[in-house]
Amino acid sequence: MSVRTPDPYPGWLSEDELREARQRLPMVYVEAVPVRCDPLGYVTEVGLLLQATSEGKMVRTFVSGRVMYRETIRAALLRHLEKDLGPMALPQLPPALVPFAVAEYFPSPSQSGLTDERQHAVALAYLIPVTGECDPRQDALELSWLTPEEALSPDIYAEFAGGRGDLLRQALASASWGR
């Protein structure tokens, strides 16, 4: 059983072509940590997706996906936010899209601390306020809204795969949380 999100543009690359490209080239991704904010813009909740791996293990993750050929970063973020959170999530993209981190994923442990056994990937990571109703779709089983303290608790932190817990710490630090 495949838990991968179906490619909405199947003509882009076949599964075999994608597998071959992943073995030869770094793939470009966007990652979005959805948050709810108070009226002053301080993060009050973090949205974490729960997914099942191909081995049946449950992991926490963020909105994430490839940037397509000739697609802008803004368009890729909106496409993946809608795909994972539903059309009524109402994400609030900032006028200047400056990522809080550029995350490098490697197929084996490395200096970055981030791993993705499928590929070498470079992800532009964003903290994105969401104001609407979220209805997780595609390969997300549920979306949990947690306080930053809950999201970084040892139990939840242990559920992140590939070092994404450290990426969440960076996201919250970029929003001045935890000072």
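Residues numbered from 1 in each chain as written. Predicted model: local features only at pLDDT ≥ 70, side-chain atom pairs only at ≥ 80, totals over all residues. Heavy atoms only, no water.

Caption draft 1: View of the pattern of salt bridges. Here the structure, examined in full by the defined rule, presents five salt bridges. Residue D116 is joined to R118 by a salt bridge in which the shortest nitrogen-to-oxygen separation is 2.7 Å. Looking at R118, the relative accessible area reads 38%, which means it is partly exposed. (Salt bridge = Lys/Arg side-chain N within 4 Å of Asp/Glu carboxyl O. Buried < 20%, exposed > 50% of the residue type's maximum accessible area, 1.4 Å probe, protein only.)

Caption draft 2: Geometry of the environment of A171. Mapped onto the elements of the fold, A171 is located in helix α5 (residues 164-174). On a C-alpha basis, the gap between A171 and I128 in space is 9.9 Å, while along the polypeptide they are 43 residues apart. Setting aside residues up to four positions removed in sequence, A171 forms contacts with V33, F100 and L127. (Helix = DSSP H or I, 4+ residues; strand = E, 2+ residues; numbered from the N terminus. Contact = heavy atoms within 4.5 Å.)

Caption draft 3: Up close: the pairing of strand β1 (residues 27-37). Burial runs high along β1: nine of the 11 residues are buried. As paired elements, β1 and strand β6 (residues 121-129) share nine bridges and run parallel to each other. Bridge pairing in β6 places V35 opposite P129. Bridge count for β1 against strand β4 (residues 63-66) is four bridges, and the pairing is antiparallel. In the sheet register, Y29 faces β4, and the bridge partner there is R66. Here β1 runs beside strand β2 (residues 43-52); their pairing, made up of three bridges, is antiparallel. Each residue of the ladder has a partner; that of R36, found in β2, is E45. The antiparallel pairing of β1 with β2 creates a hairpin that spans five residues between the two strands, and G41 there sits at a positive phi of about 90 degrees. (Pairing = 2+ DSSP bridges.)

Keep in mind these numbers describe shape, not what the thing actually does.
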